[in-house]
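Residue-level listing of the chains:
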Amino acid sequence: MNRLTDFTTIIALIAALAAGPASADSALKISGDPCSLPLAMKLTEAFSANNSTFKAEMETVACTQGVFKAAAGKADIGVSTQNGLSSNLPKGGVNTVIAKSPIVLIVHRSNPVNDLKYEQLQGILSGEIKNWKEVGGEDTKIKNVLLEPCVVNTMSKQVIPTGKDVVKLKPEGKVDPVLHTNIIVSEHPGAIGEQIYGYESKDVKVLTIDGFLPDSTTLPAQYSFYQDYNIVTKGQPEGMIKDFITFASSAAGKAVITSMNHIPVE
């Protein structure tokens, strides 16, 4: 099982790309949120390995802002992880879904719990279950990490609405939700957070749900928590933009997607 063991490195690489030469005429501008850019970056690295003239600039924006920028022609590509985007695109936008981005639960590495049953997950999200000892763990208060935007509430929308009295852990101010979910969970033994699979750091542990982790054989029949990985363009993609999207759907592109624990789609 391949996974990113140090998400900080990915963030640093994104920042380095974003700081690249914006004046390069041949550079493809890709705009997206922290949940989406890591995969886009890996795909551009692989694509450029066999296309010496290809260059890409990464722009970090909030949630679906990259989609709107792409549809308006202010970016060549907008990437976003969310379901149902194809039926809710801004005017002029064309969407290509290249993968499923699974959502997993992460906990502190010292937590002895390795699996949650669906009913236990319901209890934790609703606030009915408040202590890890109720699900086979130690006598530690459960604290939910719910950071905007990206994956927050993905599970609660499917399982049960988050209870009003759920204990939450949130940092002050605006932060990278992917990076700081890892950080906060790693710093609090009682924490539990939602994370895109493959973006978890080495300092946290991924839980199975009803004994399953998401992969091409379990999703969505046995494991139903995921978001579509969307690539949005203004109108039908052409030229280098089309070549890049075609690569993402090729065998080589699917290998990159799989290496990030995302699941390629046809």
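Given the structure is predicted, the values throughout are model-derived calculations rather than measurements. (Residues numbered from 1 in each chain as written. Predicted model: local features only at pLDDT ≥ 70, side-chain atom pairs only at ≥ 80, totals over all residues. Heavy atoms only, no water.)

A. The overall build of the protein, seen in detail. What the protein contains, in helices and strands, is 8 helices and 11 strands. Expressed as a percentage of its 266 residues, the buried residues of the protein come to 52%. Of all intrachain contacts in the protein linking residues separated by at least 6 positions in sequence, the fraction that spans at least 24 positions is 76%. Entry remark: accessible area of the protein is about 12,100 Å², with carbon and sulfur atoms responsible for 51%. (Helix = DSSP H or I, 4+ residues; strand = E, 2+ residues; numbered from the N terminus. Buried < 20%, exposed > 50% of the residue type's maximum accessible area, 1.4 Å probe, protein only. Contact = heavy atoms within 4.5 Å. Areas by Shrake-Rupley, 256 points an atom, 1.4 Å probe, with all protein chains shown as cover.)

B. Geometry of the pattern of salt bridges. According to the stated counting rule, one finds 8 salt bridges in the structure shown. A salt bridge links K69 to E59, with the shortest nitrogen-to-oxygen separation between them at 2.7 Å. Separated by 10 residues along the polypeptide, K69 in helix α3 (residues 65-71) and E59 in strand β2 (residues 55-60) bring together distant segments of the chain. A salt bridge links K133 to D139; the nearest nitrogen and oxygen atoms lie 4.0 Å apart. Taking the relative accessible area as the measure of exposure, K133 reaches 52% and is therefore exposed. One network of salt bridges, with partners in common, ties together K29, E59 and K69. (Salt bridge = Lys/Arg side-chain N within 4 Å of Asp/Glu carboxyl O.)

C. Inspection of helix α4 (residues 118-126) at higher detail. Inspection of α4 places L121, G123, I124, L125 and S126 among the buried residues, and these make up the whole buried set. Next to the buried residues of α4 lie β4 (93-108), β5 (115-116), β6 (143-145), α5 (154-158), β8 (191-196) and β9 (204-209).

D. Up close: the packing of helix α2 (residues 37-49) against helix α7 (residues 239-248). At a closest axis distance of 10 Å, the pairing of α2 and α7 adopts a crossing angle of 105°. Taken together, the axis directions place α2 and α7 in an arrangement best described as roughly perpendicular. Of the residues in α7, those in contact with A40, L43, T44, A46 and F47 of α2 are M240, D243, F244, F247 and A248. Within the contact of α2 with α7, the residues separate by chemical class into 8 nonpolar, 1 polar and 1 charged. (Axes fitted to C-alpha atoms, helices over the stretch in contact; angles between N-to-C directions. Parallel < 35°, antiparallel > 145°, perpendicular 65-115°, else oblique. Nonpolar A, V, L, I, M, F, W, Y, C, P; charged D, E, K, R; others polar.)

E. Local environment of the pairing of β8. Of all 6 residues making up β8, 6 are buried, and the element is well covered by its neighbours. Covered by surrounding structure in β8 are A191, G193 and Q195 together with I192, E194 and I196, the residues of both alternating faces. Both β4 and β8 contribute to a ladder of 5 bridges, which runs antiparallel. By the bridge assignment for β8, V104 is matched with Q195. Pairing between β6 and β8: 3 bridges, direction parallel. Bridge assignment links N144 to a residue of β8, and that residue is I192. (Pairing = 2+ DSSP bridges.)

F. Region of interest: the environment of P189. Within the secondary structure, P189 sits in the loop between α6 (177-187) and β8. Judged by its relative accessible area of 46%, P189 falls in the partly exposed class. For the pair formed by P189 and K143, sequence separation is 46 residues and the distance between their alpha carbons is 9.0 Å. Sequence-distant contacts of P189, that is, excluding residues within four places in its chain, are made with H108, S110, N111, W132 and T140.

G. Region of the structure containing the pairing of strand β10 (residues 226-234). Across the 9 residues that make up β10, a large majority, 8, are buried. Judged from the 4 bridges that link them, strand β3 (residues 77-81) and β10 form a sheet pairing that is antiparallel. If you follow S80 over to β10, its bridge partner there is N230. Bridging between β4 and β10 involves 9 bridges; their strand directions are antiparallel. If you follow T96 over to β10, its bridge partner there is I231.

H. Broad picture of the environment of A71. In this fold, A71 is placed in helix α3. In this structure A71 comes out as buried when scored by relative accessible area, which is 6%. Sequence separation of A71 and K91 is 20 residues, and the distance between their C-alpha atoms is 6.7 Å. When sequence neighbours within four positions are dropped, the list of residues in contact with A71 reads P90, K91, G92, G93 and K234.

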